[in-house]
Every structure is written in structure tokens, then in C-alpha cells.
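Working through the structure, step by step
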Amino acid sequence: MTAGTAGERTAPTPEPVAVPGPARPAGRPPRPVRRREARVGLLFVAPMLLLFTVFRFGPTIGAAFLSLTDYRLSGDWRFIGVENYARLLDDDLFWSSLGVTALYTLFFVPLTVGLSLGTALLLHRTLWLRGFFRGVFFLPYVTSIVLAAVIWKWIYDVEDGLLNAALGVLSLGPVDFLGDERLVLPAIAATSAWKGFGYSMLILLAGLQSIPREVSEAAVIDGATGWRRLRWVTLPLLRPVLFFVLVVEAIGAFQVFDAMYVMTAGGPVRASYSLVYLLYDTGFKFFDFGYASALGLVLFLVVLVFSLIQRRLIGRDD
Amino acid sequence: MARLRLPVLLALVGLVTMTPFAVMVLVAFAPPGGRTLPGAFDLTRATWENFSAVLSGADITRWAANSLVYSLVSVVLILLFSSMAGYAFAKKRFPGREVLFWSFLATLMVPFQATLVPYFVLVSRLGGVDTYWGLIVPTLANSQAVFLMRQFIAQLPDELFEAARIDGASEWRIYTTVVVPLITPVLATLGVFVFLWHWNDFLWPLVIGQSSRMHTLTVGLATLEGENVAVNQIMAGATITVLPCLLVFGLLQRYLTDSIATTGLKN
């Protein structure tokens, strides 16, 4: 393999010293064959390469470039340097959307990871209808967040929603979950957690199942029970998986938009107006493409920081 | 006592997970106006009325067709291009192979929303707003698909390809008759995920399909919600939207859950 990769880097240029046939490292085909192989390889990659160049690398560079301009819908633009970024610093709406997003993340991540971990532990410790319940918990994950938002908007409804009907039976309420500035983010976080926890649950369940049986058996023999075993044996062993799940969910939470668009339109009084919502409005309501691109770069930086923390702490690249 | 606690807890969580689906269906079948609870739960009065109303009132059949085109065409093209690229990355040596592969993978670090604006500008300059190609083509550059394909094809023994090569088969023939049959299980898994990702996608169809005729079901459902359509009809629309997901899920449950646990597929 080392010979292969070394040769691969210099493949297009002729090798400096002519190596006579028999001295060629074993397993490396003669040069015309390798050239043919290279051509075939490039041909097979070509469609994806074209798509990635135009629709991934292009827009990524484009985003950085647009953020330094005042590009508008008309196509007119001027290079304005870091003006958009200076504007960000002074923009109250930007700071409030960043605050909303961070607060939402603080509600969503513990809720989702707690729910995932709880259900994963439950399923791990019982054999009773395990497959059935795994399916039941995972089912919301295959639906769309828009669907979840539409259903839960009705569940939260003040007048005839399910939740207020239940509260009514207990002689409580009515509570306007989506109309109350303090409740709207937890309410949306609960909806997203319902929709998505099945994914993290499966990852955690796989992690639990990969813990060697001997370890927990040894803990049982040592007399460790229940919480102590969970706290001192299971969770430490599960840490890398748990951390992976935490970061993935945090990255997802920071991109929240769909649920807010459908459930609250950012309200009440921008209490659920997230960073991506601001980006969407800036780009597609006000067509201020340059400024929207600067917002996109902020989002990218946040996600990058999350990923770097993950790499640092887990020590591998997922 | 302790042995009973686990199943009871499981059943409770299961009940909470399923309740939203149950109320969606109940409200969808309740008589129009019957959106408050007692009425909605009276199964003897169940009716198809909301479904026929939502089907005749909105462009919902058109949206369903759009969703189907968006999802199915994307599945076919992503499977084809990613398995081709995966074969090359796994089994062919060519200049720049590692750099290309890792730069494909690196795009996972850039959230889609961060590049949404240049994406839109590019596609609209190319005349792709309100077109099927504008909707579909930009979503085909899928790093996870390429990664999964490379990992899977790399495990196949080289001798298989050598044997075919000695028999004089062309590379395309080797790809279609040796590679594709061997990776059918992983193609099926990926296909299901790509279908669900596209069927449930929202932000890109929202910005690129601007007229109602080009909405997908998720976008259409969100616009219904925004207009003053009766809750019963919205729930009927929601039921229609979720049906294909439930079908795919019902048929492939074990498959889906196992592959998430082993490969961590997530959009």
C-alpha cells in the first residue's frame, strides 16, 4: 500500500530513474496498465467530481466571496470588504437570533440525549418485545420535521389541543405553549426531540451492546448495582459514543429552522427567531445575499468549533 | 417488582411516541369541525370528507407527484454516481485520489444552510428556479453516499475483479456485472435513506420551488398550515404525506435500524 500511494502521487510524471522490469516492487502493475487504470478511475469519479465541483466546492467558495460583497437579487454588486461582518456586530437581530439558537440548543440537546440514553438503556436491559419497541421509538425519525411541526402545533393549541385538554382534566391551564415567550423554545425542542431521538437511541444502543459482557458481570460480582453500575461502569465506557451523539445533536440544533417556520413563524416577538431563520429571511425575503452569506459563515464557524471539540475529545475523525 | 418496572416504562414511552400519530389520524378522520377531543375520538363518525376536501382544494396530488419525482430520481442518480465513484476510490489508483476523496468528505463540515445563498444564486443564474433539474441536480453531490460505497466496495476481494479482467471484460462491464450485484444490499439501504431524506426535505424545495406547482409535499403542507385551512384537512394532508414513510418503514424496519446502528447514516 505504501508503494501504491507513493507511486500514485507521482503517477502522471515519468519516474525519474528507469527501473528495470524485474526490480519493480511486487504487485505493482506495469506502467501502461497503471495509466489505463488511472483513466478508468477518473472516468468513474467524473460524474460525482463534476457535481461536487459545481454544487459543493463552488458554493462554499462562493459563500465566502459573497459575504464580502453587497450582492443583491438584481445581480449588481460591489466589493465591500468586511462591511457585512461589521454590520453583524451592530445588528441586534443577529445577536438575538444567536441567543435564541443557543438557548434552543440548551433545551434540545439534554432533552434528546437524555431521552435517547434512557430508551437505549431500557431496551438494552430488557428482551421483552425489544424489536417492537425499537421500531416504535424510531418511527418518528423517518418522518419529516414539517410533519412533526404540523401535528405538534395542534397538540399545543390553546383552544382544542391535546395537551390543554389533558391539562383541563387536571383542572390546570389553559397554557399557550407557542404563544408564551418562555415556553416556546422548550415546546419546539420537545417536538424536535420527539422527531429525532430515535437516531441517537440506535447509536447509543449499539454502543451499549459493544461493551464487553465480562465488564458488567464483574461489576455485578463486585456488588455494584443499579445507579452505581451505570455511573461507574456503563457511562464511562459509553463516553465516546455519548460524546459523538452530543455533538451531532448540537450541530443539528444550531441549524434549527423548519419547526420554527411552521409552528411559530419565529414568534412570539421573535422569541423563536433562530439564526437560520434570520439567514432565510435576509436571503429570500429581503434578497440581501451578501449579508445572508455572512450569516452563513457564522453558522459554519459554530459548526466547525463543535466538530473540532469533538475531534479533540474523542481523538478520531467521525 | 423491578422486573415489572421496565416493561411498564417501555410501554409508557411507546405510548408517548405514538400518540401524535394517533391524533393525526383521528383528527384527519373526524367530521369537519370536529377538532376538539371528544368529537375527534368518536370513531363511529369517522369520514373520508377531509381527505376529499384537501385533495380537491389544493394542488396536493401535484405536490405528491413532485415529491415522488424528486425522491425517486435522486435515489437512482445518487446510487449510480456514488457507486461508480466508490468503486474508483476503493479499487483504482489515479492521481489525486486521496485528496479528492477527503475533499468530498470535508464538505460534510459545511452546513447546507451556510451555502444556501450562493447555491440559490448559482441555480437561479443557470435558470433552475421552479424546474425539476434545479430541484434535483444540486442535491446529488452526496458525501455520505460516496463514503459508504467506498467503504463497502473496499472490502470486496480484488481477485473477483482480476478474474473478470482476465476474461476480457471491459471496466463498465465489470462494474455492472461484478460490482453492482455484490453491493446490492448496501445500495438498497442507501436507497431507502436517500428516499426518506428527499421525501422529508424542506429548505431546498422551499427556496427553489417558488410557484405552488413546484412545491413538494412538505412545502405544500407548510403553506397549507400558513393559510387558513381547517385543522382536519391539514391532518388529512399530513397523513397523506407520512404514508410513504410509514410504508418504507414498515417494510424495512429491521434493515433501517440496523444500518443506522452500524454506519451512523444521518443527513
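Rules of the game
Residues numbered from 1 in each chain as written. Chains lettered and ligands numbered in written order. Predicted model: local features only at pLDDT ≥ 70, side-chain atom pairs only at ≥ 80, totals over all residues. Heavy atoms only, no water. Salt bridge = Lys/Arg side-chain N within 4 Å of Asp/Glu carboxyl O. Helix = DSSP H or I, 4+ residues; strand = E, 2+ residues; numbered from the N terminus. Buried < 20%, exposed > 50% of the residue type's maximum accessible area, 1.4 Å probe, protein only. Phe/Tyr/Trp six-rings, centres within 6.5 Å; stacked < 30°, edge-to-face > 60°. Lys NZ or Arg CZ within 6 Å of the ring centre and 35° of its normal. pLDDT = per-residue confidence, 0-100. Contact = heavy atoms within 4.5 Å. Domains from an automatic or database assignment. Buried area = accessible area lost by both parts, 1.4 Å probe. Polar contact = N/O pair within 3.5 Å; in protein donor to acceptor, adjacent residues only side chain to side chain. Axes fitted to C-alpha atoms, helices over the stretch in contact; angles between N-to-C directions. Parallel < 35°, antiparallel > 145°, perpendicular 65-115°, else oblique. Nonpolar A, V, L, I, M, F, W, Y, C, P; charged D, E, K, R; others polar. Core = buried A, V, L, I, M, F, W, Y, C linked by side-chain atoms within 4.5 Å. UniProt positions renumbered as here; feature names shortened; annotations may be inferred. 1 Å grid on protein atoms, 1.4 Å probe; cavity = no way out; pocket = protein on both sides within 12 Å on 5 of 7 lines; lining within 4 Å. Points joined across faces, edges and corners; volume = space filled by probe spheres on them. Left-handed = near helix turned anticlockwise from the far one by under 90°.

On to the pattern of salt bridges, then. Residues and elements named next belong to chain B. Taken as a whole, this structure holds twelve salt bridges over all chains when the rule is applied. Put simply, Lys91 and Asp158 hold a salt bridge, and the shortest N to O gap is 2.9 Å. Taken together, the residues Lys91 in helix α4 (residues 60-91) and Asp158 in helix α9 (residues 158-166) connect sequence positions 67 residues apart. A residue is classified by how much of its surface remains accessible, and Asp158, at 44% relative accessible area, is partly exposed.

Another point: the packing of aromatic side chains. Evaluation of the coordinates by the stated rule reveals 51 aromatic pairs over all chains. Considering the side-chain rings of Phe52 of chain A and Phe104 of chain B, the 4.0 Å spacing of their centres and the 10° angle between planes classify their relative orientation as stacked. In this pair, Phe52 of chain A is assigned in helix α2 (residues 31-66) and Phe104 of chain B in helix α5 (residues 97-106), connecting two distinct chains. Each member of the pair, Phe52 of chain A as well as Phe104 of chain B, is classed as buried. Members of the aromatic cluster, joined through ring pairs, are Tyr71, Phe257, Tyr261, Tyr273, Tyr277, Tyr280, Phe284, Phe287 and Phe289 of chain A together with Phe120 and Phe202 of chain B. If you follow Arg270 of chain A out to its NZ or CZ, it ends over the ring of Tyr273 of chain A, 4.6 Å from the centre.

Another point: the confidence of the model for chain A. Residue and element names in this part refer to chain A. Here chain A averages 85 in pLDDT, while 89% of its residues score no lower than 70. Within chain A, helix α12 (residues 275-284) carries the highest mean pLDDT (96), whereas helix α1 (residues 2-10) carries the lowest (34). Across residues 1-24 the pLDDT falls below 50, and counting only partners more than four positions away or on other chains, this stretch makes 16 contacts in the model.

Residue and element names in this part refer to chain B. In terms of domain boundaries, chain B breaks down into domain 1 (1-45) and domain 2 (57-266). Look at where the C-alpha atoms of domain 1 and domain 2 centre, and you get two points 33 Å apart. In this assembly, eleven residues from domain 1 lie in contact with seven residues from domain 2. Interface area for domain 1 against domain 2, summed over the two sides, is near 660 Å², with a carbon-plus-sulfur share of 70%. Counting every contact that joins domain 1 to domain 2 gives zero salt bridges. Across the contact surface, domain 1 and domain 2 share one residue pair in polar contact (both at pLDDT 80 or more).

With that settled, the discussion passes to the packing of helix α3 (residues 49-57) of chain B against helix α14 (residues 231-263) of chain B. All names here are of chain B. The contact between α3 and α14 brings their axes to 8 Å, and the two run at 80°. Taken together, α3 and α14 sit at an angle that is classed as roughly perpendicular. Between α3 and α14, the contacting residues are Asn50, Phe51, Ala53, Val54 and Leu55 on the first element and Asn232, Gln233, Ala236, Gly237, Thr239 and Ile240 on the second. By residue class, the composition of the contact of α3 with α14 is six nonpolar, five polar and no charged.

Attention now moves to the nonpolar core. Nonpolar side chains tend to gather and get buried jointly when the protein is soluble and globular. Ranked by size, the top nonpolar core spans 177 residues in total, and within it Tyr104 of chain A together with Phe89 and Trp204 of chain B carry the most contacts. The element best represented in this core is helix α8 (residues 184-209) of chain A, accounting for 15 residues. Residue contributions to this core reach at least three from each of two domains, namely domain 1 (1-45) and domain 2 (57-266) of chain B. Once you skip the residues sitting within four places of it in the chain, Trp204 of chain B turns out to touch Tyr70, Phe112, Leu116, Tyr119, Phe120, Val123, Gly134, Leu135, Pro138 and Thr139 of chain B.

This next bit is on helix α6 (residues 116-125) of chain B. Residue and element names in this part refer to chain B. Taking burial as the measure, the ten residues of α6 include seven buried ones, the bulk of the element. Those residues of α6 that fall on the buried side of the exposure criterion are Leu116, Val117, Pro118, Tyr119, Phe120, Val121 and Val123. Just downstream of α6, Gly127 is the residue with a positive phi angle, here 80°.

The next subject is the UniProt feature "domain: ABC transmembrane type-1" (unreviewed entry) in chain B. This chain's UniProt record puts "domain: ABC transmembrane type-1" (unreviewed entry) on residues 64-252 of chain B. Helix makes up 75% of residues 64-252 of chain B and strand 0%, whereas the separation of the span's terminal C-alpha atoms amounts to 22 Å.

Take the layout of surface pockets next. Its boundaries defined by the atoms lining it, the second largest pocket holds a volume of some 960 Å³. Forming the boundary of the second largest pocket are 23 residues, of which Leu121, His124, Arg125, Arg229 and Thr234 of chain A lie nearest the centre. Counting only elements with at least two residues in the lining of the second largest pocket, the list comes to α4 (92-125), α8, α9 (213-221) and α10 (226-254) of chain A together with α1 (2-29) of chain B. Grouping the constituent residues of the lining of the second largest pocket by class yields eleven nonpolar, six polar and six charged.

The next point concerns the interface of chain B and chain A. Tallying the contact residues gives 92 residues for chain B and 92 residues for chain A. Counting each side, the surface lost to burial between chain B and chain A is near 8,400 Å², with a carbon and sulfur contribution of 78%. Between chain B and chain A we count two salt bridges in total. Its salt-bridge partner being Lys153 of chain A, residue Glu225 of chain B comes within 2.9 Å of it at the nearest N-O pair. Where chain B touches chain A, the interface holds eleven residue pairs in polar contact (both at pLDDT 80 or more). Looking at side-chain class alone, the side of chain B that touches chain A contains 63 nonpolar, 17 polar and twelve charged residues.

Attention shifts here to the packing of helix α11 (residues 184-200) of chain B against α14 of chain B. Residue and element names in this part refer to chain B. For the pair α11 and α14, interaxial distance at closest approach is 10 Å and the crossing angle is 140°. By the angle class used here, α11 and α14 are oblique. Crossing of α11 over α14 shows left-handed handedness. Taken together, the residues of α14 that come into contact with α11 (itself represented by Pro185, Ala188, Thr189, Val192, Phe193, Phe195, Leu196, Trp199 and Asn200) are Thr241, Pro244, Cys245, Val248, Leu252, Tyr255, Leu256, Ser259 and Ile260.

Attention now goes to the UniProt feature "transmembrane region" (unreviewed entry) in chain A. All names here are of chain A. Per the UniProt record, "transmembrane region" (unreviewed entry) is annotated on residues 40-68, 102-123, 135-155, 183-206, 237-257 and 289-309. Between the first and last C-alpha atoms of residues 135-155 the distance is 23 Å; the span itself is 71% helix and 0% strand. In residues 237-257, helix accounts for 86% and strand for 0%; the two terminal C-alpha atoms are 34 Å from one another.

Right, let's get into the environment of Met235 of chain B. Tracing the chain through its elements places Met235 of chain B in helix α14. The buried category is assigned to Met235 of chain B, whose relative accessible area is 1%. As for Met235 of chain B and Thr115 of chain B, which are separated by 120 residues in sequence, their C-alpha atoms are 33 Å apart. Other than its neighbours up to four places away in sequence, Met235 of chain B contacts Val150, Ile151 and Trp154 of chain A together with Met24, Val27 and Ala28 of chain B.

Residue and element names in this part refer to chain B. Mapped onto this numbering, the UniProt entry gives "transmembrane region" (unreviewed entry) at residues 7-30, 68-90, 99-120, 132-153, 174-197 and 234-252. The straight-line gap between the two end C-alpha atoms of residues 174-197 is 30 Å; of that span, 96% is helix and 0% is strand. Helix makes up 100% of residues 234-252 and strand 0%, with an end-to-end C-alpha separation of 28 Å.

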